[in-house]
Amino acid sequence: MRAELGPAARKHPDANFGAYHSGFEAGTTEGPYTKVTRNLGINRLITSMLESGIGPNENVYAELGSTWWLCHAGPGRFSGSVADSQLVAVLSNKGGCG
């Protein structure tokens, strides 16, 4: 679903979309957004939005929920994710996280 979210949001600008857990994938070690990691976990959501031209204050909301809890429960799994500037741009849509 993460990869399809950007195109769907672009095609339906009058609808609002929520990405539960911000696109987190169980079993994936999250990390900074790079060319190598652009299609893994949360970064897949970011890539989908960037490639579709969806930016802050548009119609996609990223929700942290369990992702934030898991970040604190397993520190090595999320190194760099929550602080990544691309993720911050996703999370700042319309001033909220979903």
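Anything mentioned here points back to the structure above.
The following paragraphs examine the structure supplied in this document. The structure displayed is predicted, hence computed values, not measured ones. (Residues numbered from 1 in each chain as written. Predicted model: local features only at pLDDT ≥ 70, side-chain atom pairs only at ≥ 80, totals over all residues. Heavy atoms only, no water.)

Here we take up the overall build of the protein chain. A tally of regular secondary structure across the protein chain gives four helices and two strands. The secondary structure elements of the protein chain, listed N-terminal to C-terminal, are α-β-α-β-α-α. Within the protein chain, buried positions represent 39% of all 98 residues. Within the protein chain, contacts between residues separated by at least 24 positions form 69% of all contacts whose residues are at least 6 apart in sequence. (Helix = DSSP H or I, 4+ residues; strand = E, 2+ residues; numbered from the N terminus. Buried < 20%, exposed > 50% of the residue type's maximum accessible area, 1.4 Å probe, protein only. Contact = heavy atoms within 4.5 Å.)

With that out of the way, let us pick up helix α2 (residues 41–52). The end-to-end C-alpha distance of α2 is 18 Å, a good match for the 16 Å that twelve residues give at a rise of 1.5 Å each. For α2, the full list of buried residues reads G41, I42, N43, L45, I46, T47, S48, M49 and S52. Immediately downstream of α2, the backbone of G53 shows phi near 75°, a positive value. (Expected span 1.5 Å × (residues − 1).)

Bringing the nonpolar core into the picture now. As a rule of thumb, nonpolar side chains are buried together in soluble globular proteins. Within the largest apolar cluster, nine residues are counted, these being L5, A9, F17, A19, L45, M49, I54, V60 and A62. Counting residues per element, the ones that place at least two in this core are α1 (2–11), β1 (17–19), α2 and β2 (60–62). Those residues in contact with L5, other than ones at most four positions away along the chain, are F17, A19, L45, S48 and V60. (Core = buried A, V, L, I, M, F, W, Y, C linked by side-chain atoms within 4.5 Å.)

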